[in-house]
Structures are given as C-alpha cells and as structure tokens.
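# Chains, contacts and geometry: an overview
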Amino acid sequence: MASAPEQLSLSQARRVALRAQGLDRPRREVRGPVDARGLQQVVDRLGLLQIDSVNVLARAHLMPVFSRVGPYDTTLLDRAAGQRPRRLVEAWAHMASFVPPETFRLLEWRQRDYLNEAWGAIAEVPLQHAPVVDEVRQLIAEQGPLTAREVQVRFEAEHPTTRTEWGWNWTVAKRVLEFLFFTGEVTSAGRNPAFERRYDLTSRVLPADVLAQPAQSDEDAVRALVEISARAHGVGTVRGLADYFRIPQRRVLPAIASLVEDGVLVPVDVEGWGGRPAYRHRDATMPRWATGAALLSPFDPLVFERQRLEAVFGLRYRIEIYVPEPKRVWGYYVLPFLLGESVPALLDLKADRRAGVLRVHAAHRTAVPGVPADDVLLPALTAELDLLARWLGLDKVAVGAADGSLRGDLASPLQAATAAA
C-alpha cells in the first residue's frame, strides 16, 4: 500500500522553495568579484534563465543571478553564451531561455513536435515560405552567424518589410529563422550589442561532446526535464513542475509517476494548497529560517508562474507591461521584494541611465501574511535598492516620478528612508 503523503505547513513549503532557489539566506560574502564558477552554480540551481527583450531596468536573464549573488560582471553571461565551449545556449524552454547545452538536447522532443508545440504562425512557416526556408538554411550554413536583419537583406525585394503584419512586424527572414530556432536547426551563437540573435547552425554552437551524446526518447527527456524542474522548485504541484519547461501536463504526469516510483519525488500534502497533488524533490532541504532579501525580476524562476507565487506567498501579482497605463495597479515594470519568508513590497523600477538614477516610480505594500514592520522593511529595501543601483552603474536612488509625484502607500516612507540613508 502507498504510504500517506508527507505533511508540510505552508511556512515549511516556503522555506523549501526558497532554499531550492538559493534565496533563503543573505548573499554570501565573497572575496573579490563573482567568477564563472559562481555563475555556473546559479545556472545549475535554476536550470534556466528566461530571456525577455524589455530593458527598462536590466535584461531579464541578468537579474536572477544578481538576486542570488549580488553585483557581478554581466560579461560572464555573454561569454558563457557567446564563446566556445558554451556553457549556455538559447532554446524554447520556459519561453525563450538560456539553458545548459545538455538541457538543449533534452528539448529535442519539442523541436520534433513543432506542429503541436509551436504557436500557429511559427508552425505554418514551412507551408507559407518553403522556398525561403531552404534558402535561409543554405545562407546560414554558408555565412552564419547572421542576424535576422542581415538575412532579410537577401529577401527584401521579394518580401519587403511591412509595418502592418502579424508578429511585432516580423520580416519573412525573422519568421523563418524563428521557425528554424524553434525546431532546433539553428540557435544563437551570441547576441550583438543591440541584443539581436546571431543565428548559426546548432551543430556549430553546441559543444562537440554534447552533440556526440545519443538522442533520448521523448519519455526519458521529459522525465529528466521534470526532475530539473522539481530540483529547482524544491516542492511543487503538477502545474508548476510542468510550467517550468512549458511541458503539457499529459506528458508530465507519467514522468512524475516514474520519478515517484524511483523515489526521486516524494508526494507531499501542503497546508492551504487545497489537497492538490504536490511533490518534494528527495534532495530538497528545509532551513530553519529564511533570512534572505532580494528584488526579483518579473521573469525570475521563483515568481514567473503566478499561480505558484500566489499559492506559496499569498501574493496575487501580474505583469502590467501590456496593460494601458490608466488601468495599471502596480506599475509598468514591477519587481516583487522578497524579505525572509514574505514578499512585502512591489516596486515599479526604471534605470534612468542618462541621468544616472534608479527611479522608483511606485512603491506598494502587499497584503501578504507576515509582512514586517516598516522599521525592518525600509532599511532592508533601501539597502537592496542601493546595491542594485551600484550594480547598474547608477549614482543614486530617487523615489517618485520625474514630476515629484509619489505612487503607492510605501512611496512616501521609502522616500524618507532613502534620503536618510
């Protein structure tokens, strides 16, 4: 007979999740700057770094490393993804992401199943642009790495750039390259200063030893991905384990069953999760206390699955980049602030590089359980903002809009605390 699930309080589940993500304790003090080994430890722990083009504060893939190790040289990531032997490559994982090369090979099931896994406009590329697909393949093979703009030059006369079509006005070259990227034929050999992908054949980007590994079956690959997800979660539901690599739950359920049978996953019942099946990775540990502090990107692995964020921390939070400004609740680019076991604040931040200022456009308290008093919250938050500003090369922190207006119930006390600090 199957044993009863392990019981976890919500506080215990939080601490397990924070330890798994490397956010349960203050950043360790190191002698000298974070090196490639320190970066690799974060990547190994998280399994992926989501990519997003918004650069109002810092690129999405840069922030999770800062949140865990503090100020570091971002060229470490550039070298890891742009120089041989690559430690990171781009793939569709949790959306577009940097993953270790070995993980890229585990995603081949999705690349093969592009008709079901890709969104319509990508899946239809071979039907709509078959001759262009063949030409782009040959061009990349002969001249790569190339950006989409460089490839489009070849096709501009026959397929001119427009401003009215689908896909953020993607050119035909961009559409074809994104199809080849989704299917794994090409990947990024690195990014140029404008953050454009430099597409090249995957066979020229992945390390030779990774290319030499035999392909895994769909089932074995999904099982391995679910284990990576479970290790990064510490404890999670079926939905969360599936979402980490955006795997359909119909594929995840057999993988979970196999991992449970082998003792890799331990069934748990978490207080307040409504009896939903949940699982703890066998190597997950639970600290006695959580004492970390960090500003988290909206694309941080701890918070990018919003239902999990709400279940673990009681915070209902949605990114509002695409919400019209009058309808925004929290702001444009809002970062949760983690302090201990709670997420007591949400801050709308912008790096005003021209003025050398980290601007706090809005600061709100949250209504989550366990919010500390202001005499604890404000010093921790001002210290984190100061650290972030210095990492971004900004001279100071300014609370309030350029016209002096303050948004959010935390803005005024934060302004006073920042001035005093």
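Residues numbered from 1 in each chain as written. Predicted model: local features only at pLDDT ≥ 70, side-chain atom pairs only at ≥ 80, totals over all residues. Heavy atoms only, no water.

If you walk across this open sheet you meet the four strands as S1-S8-S9-S7, and the pairing is mixed. Two strands close off the open sheet at either side, each with one partner strand: strand S1 (6-8) and strand S7 (235-237). Adjacent strand axes in the sheet meet at a mean angle of 40 degrees, parallel and antiparallel pairs treated alike. Bridge analysis of S1 against strand S8 (residues 265-270) gives three bridges, and the strand direction is parallel. Of the residues in S8, the one forming a bridge with Leu8 is Val270. Taken strand by strand, helix H16 (residues 218-233) contacts S7, S8 and strand S9 (278-281), and its axis lies near 85 degrees from that of S9. This element, helix H18 (residues 249-261), spans S8 and S9 of the sheet and lies at about 105 degrees to S8. (Pairing = 2+ DSSP bridges. Helix = DSSP H or I, 4+ residues; strand = E, 2+ residues; numbered from the N terminus. Axes fitted to C-alpha atoms, helices over the stretch in contact; angles between N-to-C directions. Contact = heavy atoms within 4.5 Å.)

This part covers helix H2 (residues 36-46). Listed as buried for H2 are Gly38, Leu39, Gln40, Val42, Val43 and Leu46. Here the buried face of H2 lies against strand S2 (49-50), helix H3 (63-69), helix H4 (75-82) and H16. Of the residues that open H2, the one with a side-chain oxygen 3.2 Å from the backbone nitrogen of Arg37 is Asp35. Gly47 lies just past H2 and shows a positive phi near 85 degrees. (Buried < 20%, exposed > 50% of the residue type's maximum accessible area, 1.4 Å probe, protein only. Polar contact = N/O pair within 3.5 Å; in protein donor to acceptor, adjacent residues only side chain to side chain.)

Looking along the chain, the bond that leaves Arg84 and enters Pro85 is cis, with omega of -15 degrees. Here Pro85 shows up in the loop between H4 and strand S3 (89-93). Here Gly144 and Pro145 are connected by a cis peptide whose omega angle stands at 5 degrees. Mapped onto the secondary structure, Pro145 falls in the loop between helix H10 (130-143) and helix H11 (148-155). One non-glycine residue, Met95, adopts positive backbone phi at about 55 degrees. Among the secondary structure elements, Met95 is positioned in strand S4 (residues 95-99). Phi is positive for Arg246, close to 50 degrees, though the residue is something other than glycine. Using a relative accessible area of 36% as the deciding quantity, one classes Arg246 as partly exposed.

On to the pairing of S3. Residues in a regular strand project their side chains so that they alternate between the two faces of the sheet. Within S3, five of the five residues are buried, which leaves it mostly tucked inside the rest of the structure. Of the two faces of S3, both are covered, the one formed by Val89, Ala91 and Ala93 as well as the one formed by Glu90 and Trp92. Here S3 folds back onto S4, and the loop between the two strands holds one residue.

A separate point is the packing of helix H20 (residues 374-391) against helix H21 (residues 411-420). Contact geometry for H20 and H21: axes closest at 10 Å, N-to-C directions at 60 degrees. Where H20 crosses over H21, the two elements pack in a sense that is right-handed. Contact residues: Asp374, Leu378, Leu381, Thr382 and Leu385 in H20; Pro413, Leu414, Ala417 and Thr418 in H21. Residue classes in the contact of H20 with H21 are distributed as six nonpolar, two polar and one charged. (Left-handed = near helix turned anticlockwise from the far one by under 90°. Nonpolar A, V, L, I, M, F, W, Y, C, P; charged D, E, K, R; others polar.)

Applying the stated criterion to the full structure yields eight aromatic pairs. Judged by centre distance (4.6 Å) and plane angle (10 degrees), the ring pair of Phe66 and Trp391 falls under stacked. Within this pair, whereas Phe66 is found in helix H3, its partner Trp391 is found in helix H20, the two being separated by 325 residues in sequence. Note on accessibility: Phe66 and Trp391 belong to one class, buried. When the ring of Tyr72 is compared with that of Trp391, the centres are 5.5 Å apart and the planes differ by 25 degrees; the resulting orientation is stacked. Here the residue Tyr72 occupies a position in the loop between H3 and H4, and Trp391 occupies one in helix H20, the gap between them amounting to 319 residues. Owing to a relative accessible area of 7%, Tyr72 belongs among the buried residues under this scheme. A network of ring pairs unites the aromatic residues Phe66, Tyr72 and Trp391 as a single cluster. Directly above the aromatic system of Phe195 lies the positively charged group of Arg59, at a separation of 4.2 Å from the ring centroid. One Lys or Arg, Arg191, reaches over the ring of Phe195 and ends 4.2 Å from the middle of that ring. (Phe/Tyr/Trp six-rings, centres within 6.5 Å; stacked < 30°, edge-to-face > 60°. Lys NZ or Arg CZ within 6 Å of the ring centre and 35° of its normal.)

Our focus in this paragraph is the pairing of strand S12 (residues 342-352). The element S12 is extensively covered by neighbouring structure, given that 10 of its 11 residues are classed as buried. As defined by bridge partners, strand S11 (residues 334-339) adjoins S12 across five bridges and the pair is classed as antiparallel. From the neighbouring strand, Phe337 faces S12, where its bridge partner is Ala345. Counted along the chain from S11 to the antiparallel partner S12, the turn is two residues long, and its residue Gly340 has a positive phi close to 65 degrees. Relative to strand S13 (residues 357-365), S12 runs antiparallel, the two being bridged by eight bridges.

Purely geometric numbers; function is a separate question.
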